[in-house]
Amino acid sequence: MLEIKNLQVKLEEEDKQILKGVDLKVGAGEVHAIMGPNGSGKSTLSYVLSGRDGYEVTGGEATLDGEDLLDLEPEERAALGLFLAFQYPVEIPGVGNMTFLRTAVNAQRKAKGEDEMSAADFLKFIRERAKALKIDADMLKRPVNVGFSGGEKKRNEILQMAVLEPKMCILDETDSGLDVDAMKLVAEGVNALRTEGRGFLVITHYQRLLDHIKPDVVHIMSNGKIVKTGGPELALEVENNGYAEFLDTEEA
Ligand code: ADP
Ligand code: MG
Ligand code: MG
């Protein structure tokens, strides 16, 4: 499903190579975790996959179901079924969460050549999804992320995933600010949305998140490359011994 081959990325503004040949394949129904020390390039990988400005791909490729992602606009990537969890962390005063989600869903349907959902149908749909995830319907009425607590933002992110029904979800759980409760929310959301047809790439600095998610495959990234791939036991190894034994210290 998601296939990354020898991906090389540098900063646009500076002559600094950040990804130095990343290879990764996430199949349908699989949950992969990427771990690694700070500065190893984990977030850069998720930014490049999402189409964020400021990075230049200098080699390699990334495809979703065989479609080249790297030449597409962010919204075209979303229409193909790619979801980036930090895609909408911004606060949008004056725009109700429900309106926002409906706009996102309808934009996606339009891109796929499907009819838009009516307000009434969408209301029914989103209430069902929110209920299934035990998300309070009040959150739907509030402006997007405005004044949301960290936990509420996480819940909202999961709700976005549940309504957009992506094929491939990439969650970059950045190094800071994920307390145990927020971590559990993310894990519950991922577990609830885990299906045969959907893949997950969960990026995390911390092993703790993986106590709750149980990945099929764990990758360790260091110095812009995947330096080790294994099963869930790899995460435990990191917890016990740290990253030192995996580090790639070679200068490129
Ligand atoms: P991680 O998520 O693994 O902590 P990042 O992808 O955030 O790693 O960063 C990888 C490296 O690239 C770091 O050395 C970081 O300082 C550098 N980097 C990433 N983005 C930028 C940027 N926009 N400007 C300057 N340096 C950057
Ligand atoms: Mg970092
Ligand atoms: Mg990061």
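Residues numbered from 1 in each chain as written. Chains lettered and ligands numbered in written order. Predicted model: local features only at pLDDT ≥ 70, side-chain atom pairs only at ≥ 80, totals over all residues.

Taking an unreviewed UniProt entry as the reference, the protein is identified by name as ABC transporter ATP-binding protein belonging to Pseudooceanicola nanhaiensis.

1. Re the overall build of the protein
Counting its secondary structure elements, the protein contains nine helices and 12 strands. Taken against the 2.2 N^0.38 rule, which gives 18 Å for 252 residues, the C-alpha radius of gyration of the protein at 18 Å falls within 12% of a compact globule. Considering only C-alpha atoms, the protein reaches an extent of 55 × 40 × 35 Å along its principal axes. In the protein, which comprises 252 residues, the proportion classed as buried is 36%. Residue pairs in contact within the protein that sit at least 24 positions apart in sequence constitute 70% of those at least 6 positions apart. (Helix = DSSP H or I, 4+ residues; strand = E, 2+ residues; numbered from the N terminus. Rg over C-alpha atoms; globule rule 2.2 N^0.38 Å. Buried ≥ 20, exposed ≤ 12 C-beta atoms within 10 Å, placed from the backbone. Contact = placed C-beta atoms within 7 Å.)

2. Some thoughts on the domain arrangement of the protein
On domain assignment, one finds that the protein holds domain 1 (1-32 + 51-71 + 207-252) and domain 2 (74-179). A separation of 25 Å is found between the C-alpha centroids of domain 1 and domain 2. Domain 1 puts eight residues into the contact, and the matching count from domain 2 is eight residues. A per-class count over the side of domain 1 that touches domain 2 returns six nonpolar, one polar and one charged. (Domains from an automatic or database assignment. Nonpolar A, V, L, I, M, F, W, Y, C, P; charged D, E, K, R; others polar.)

3. What to know about unusual backbone geometry
You will see that D65, though not glycine, has its phi angle at about 50°, which is positive. Locating D65 in the fold gives a position in the loop between β4 (55-64) and β5 (67-68). Even without glycine at this site, K134 takes up a positive phi of about 55°. Along the chain, the position of K134 falls in the loop between α4 (119-132) and α5 (138-141). You can call K134 exposed: it has 9 C-beta atoms within 10 Å.

4. Brief notes about the site of ligand 1
Taken together, L11, I18, G36, N38, G39, S40, G41, K42, S43, T44 and G54 are the residues near ligand 1. The dominant element in the shell around ligand 1, judged by the number of residues it contributes, is helix α1 (residues 42-50), at three residues. In terms of residue class, the shell around ligand 1 is built from two nonpolar, eight polar and one charged. (Near = placed C-beta within 6 Å.)

5. Comments concerning the environment of A107
Structurally, A107 is set in helix α3 (residues 97-111). On the basis of neighbour counts, which here come to 15 C-beta atoms within 10 Å, the residue A107 falls in the partly exposed class. As a C-alpha pair, A107 and A79 span 28 residues in sequence and 8.2 Å in three-dimensional space.

6. Notes on the pairing of strand β9 (residues 168-173)
For β9, a buried count of six out of six residues is recorded, marking the element as mostly surrounded by other parts of the structure. Where strand β6 (residues 82-84) meets β9, three bridges bridge the pair, whose relative direction is parallel. Directly across from L82, in β9, lies its bridge partner M168. (Pairing = 2+ DSSP bridges.)

7. Things to note about the sheet that holds β4
Judged by pairing direction, the sheet is antiparallel, and its four strands sit side by side in the order β2-β1-β4-β5 without closing on themselves. Edge positions in the sheet fall to β2 (17-26) and β5, since each has one partner strand and no second. Each of β1 (2-11), β2 and β4 is contacted by α1, which is oriented at about 70° to β4, the strand it contacts most. (Axes fitted to C-alpha atoms, helices over the stretch in contact; angles between N-to-C directions.)

8. Quick word on the nonpolar core
The tendency in soluble globular proteins is for nonpolar side chains to be buried as a group. The biggest cluster of nonpolar side chains holds 57 residues, and the ones touching the most others in it are L82, F83, M168, C169, I170, L201 and V202. Among the elements that take part in this core, helix α6 (residues 150-164) stands out by supplying five residues, more than any other. Per-domain counts for this core show at least three residues from each of domain 1 (1-32 + 51-71 + 207-252) and domain 2 (74-179). Discounting chain neighbours no more than four positions away, the residues touching F83 are A78, M161, L164, P166, M168, C169 and I170. (Core = buried A, V, L, I, M, F, W, Y, C linked by C-beta atoms within 7 Å.)

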